[in-house]
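This is what each chain is made of:
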Amino acid sequence: MAELLEMPISDHDKSHVRGAMTIPNIVAFLTASTPWSSAAVMGASLASRYGSVLTGCYVDPMLRDFSVLDVESTMHALGCDDVLFSTPTAADFTLFANQNGVAKTNWAAVQADVGSAITQLAAWHDLAVVESDMMEANELLTFLTHLLWACRLPCVLLPKLCTVSSSFERIVIGWNGSPQATRAIHAAMPFLLDAKEVWILDGTDEDGDHNADLPKFDPYRFLAQHGVTAHQRRIDGDVAIVGGALIWEAQQLRADLFVLGAFSHSRIRERVAGGVFRCMLENAKIPMLLQH
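Now for a quick tour of the structure. (Residues numbered from 1 in each chain as written. Predicted model: local features only at pLDDT ≥ 70, side-chain atom pairs only at ≥ 80, totals over all residues. Heavy atoms only, no water.)

1. Remarks on the sheet that holds strand β3 (residues 105–110)
The following threshold applies: We treat two strands as partners when DSSP finds at least two bridges between them. Only DSSP runs of H or I with at least four residues qualify as helices, and only runs of E with at least two residues qualify as strands; both kinds are numbered from the N terminus onward. For helices, the fitted line uses only the C-alpha atoms of the stretch in contact; every axis is such a line through C-alpha atoms, and the angle between N-to-C directions lies from 0 to 180 degrees.
Strand order in the open sheet formed by 10 strands is β3-β2-β1-β4-β5-β10-β9-β6-β7-β8, and the pairing between neighbours is mixed. Edge positions in the open sheet fall to β3 and β8 (230–234), since each of these has one partner strand only. With strand direction ignored, the average angle separating the axes of adjacent strands in the sheet is 20°. The sheet contact formed by strand β2 (residues 53–59) and β3 spans 6 bridges and is parallel.

2. Quick word on the pattern of salt bridges
Pairs can form between side chains of opposite charge once their charged atoms are near each other. Our working rule: The salt bridge criterion pairs a side-chain nitrogen of Lys or Arg with a carboxyl oxygen of Asp or Glu, the two atoms within 4 Å. Relative accessibility thresholds used throughout: buried, under 20% of the residue-type maximum; exposed, over 50%; partly exposed, between the two (1.4 Å probe, protein chains only).
Taken as a whole and assessed by the stated rule, the structure comprises 4 salt bridges. Close ionic contact of arginine 233 with glutamate 249 constitutes a salt bridge, the shortest N to O distance being 2.7 Å. Pair noted here: arginine 233 is in strand β8 and glutamate 249 is in helix α9 (residues 239–252), with a separation of 16 residues, a long-range link. Overall, glutamate 249 belongs to the buried group, its relative accessible area being 12%.

3. Some remarks on the pairing of strand β4 (residues 127–131)
With 5 of 5 residues buried, β4 lies mostly within the body of the structure. Sheet topology note: the strand β1 (residues 25–30)/β4 ladder contains 3 bridges and is parallel. When the bridges of β4 are listed, valine 27 appears paired with alanine 128. Bridging between β4 and strand β5 (residues 155–158) involves 4 bridges; their strand directions are parallel. Residue pairing in the sheet places valine 129 in a bridge with valine 156 of β5.

4. Things to note about helix α6 (residues 179–187)
Our working rule: Residue contacts follow a heavy-atom distance rule, with two residues in contact if any of their heavy atoms lie within 4.5 Å.
Listed as buried for α6 are Gln180, Ala181, Thr182, Ala184 and Ile185. Buried residues in α6 make contact with β6 (170–175), α7 (189–194), α8 (219–225), β9 (257–261) and β10 (288–291).

5. Some words on the packing of helix α4 (residues 114–122) against helix α5 (residues 137–150)
For clarity, the threshold we go by: Our angle categories are set so that under 35 degrees counts as roughly parallel, over 145 as roughly antiparallel, 65 to 115 as roughly perpendicular, and the remainder as oblique. By definition, turning the near helix anticlockwise from the far helix through less than a right angle yields a left-handed crossing, and turning it clockwise yields a right-handed one. Just so you know the grouping, Ala, Val, Leu, Ile, Met, Phe, Trp, Tyr, Cys and Pro go in nonpolar, Asp, Glu, Lys and Arg go in charged, and all remaining residues, Gly too, go in polar.
Put simply, α4 and α5 touch, their axes get as near as 10 Å, and they point 30° apart. Classified by the angle between their axes, α4 and α5 sit roughly parallel to one another. Crossing of α4 against α5: the hand is right-handed. Along the contact surface, α4 presents Val114, Gly115, Ile118 and Thr119, while α5 presents Phe143, His146 and Leu147. Looking at side-chain class alone, the contact of α4 with α5 contains 4 nonpolar, 3 polar and no charged residues.

6. Here's the deal with the packing of aromatic side chains
Quick note on the threshold: Stacked, edge-to-face and tilted are the three classes for Phe, Tyr and Trp ring pairs, Trp counted by its six-membered ring, which pair at centre distances within 6.5 Å; planes under 30 degrees apart are stacked, over 60 edge-to-face, the rest tilted. For a lysine, the NZ atom is tested; for an arginine, the CZ atom; a charge sits over a ring if that atom is within 6 Å of the ring centre and within 35 degrees of the ring normal.
Across all of its chains, the model carries 9 aromatic pairs by this definition. Seen from their ring centres, tryptophan 175 and phenylalanine 217 are 5.7 Å apart, and the 50° between their planes marks the pair as tilted. Pair noted here: tryptophan 175 is in strand β6 and phenylalanine 217 is in the loop between β7 (197–202) and α8, with a separation of 42 residues, a long-range link. Overall, the relative accessible area of 6% leaves tryptophan 175 in the buried class. Cluster of aromatic residues (ring-pair linked, three or more members): Trp36, Phe93, Phe96 and Trp107. The ring of tryptophan 199 has arginine 233 lying over it, and the distance from NZ or CZ to the ring centre is 5.1 Å.

And the structure:
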């Protein structure tokens, strides 16, 4: 396979590239108003920073407490006669967003069939914001499976007790050479361009390329071509320990965003055997940018 020639990037080109990317449409899945929950605050902060249209999607509390026996199915729907909780209104959300620097908004209140609602919203949005304490762990995994796997919508997942800030100055990327990790880097580009420091925690096999005939994605070169300098740290690629290692390294680097490819294995294996994604989901203390 022919090698690609890499042209040097001038300081002028770097300054032109940085800050040039926007996120056209963001959907934030909300759980509360007055005060607004962390997804609303983060969504508004990101939309203001990147010039996005912000959609607030309020998920009714009754739909946050379900259990799914079939991991291939989407979320259960409530019947039309179920008693629903009072919800914030479009006017409430527009006022909140405007006060936080967001000029354009949409509103949705999901009171039945969460799976179909996610599918519909994912069709025209570029990023989702989700709170990790919106549901119990297994139910959240089902929610994220549908959002990331079925809909292929990247997601910023907020940890519990999150200090909301859209200024991600130190970003850590979990890299294992998978297509999921590659797509996660691509989805995170607006944040990476604005970061002051980017680290790649590299868990790829050092013994060689097992797919030498395929086009090779080099994350360091890719980022450099867009004016981002990435520093490398090697980690053990053993799935049994890599989740904890990623969290520990991110803490040592004082990272405020983790970029991670999600569901490198089948959905059933991820749910039954766990995996890096599940470990990160349950233990990470900083926001994660996830993409399948």
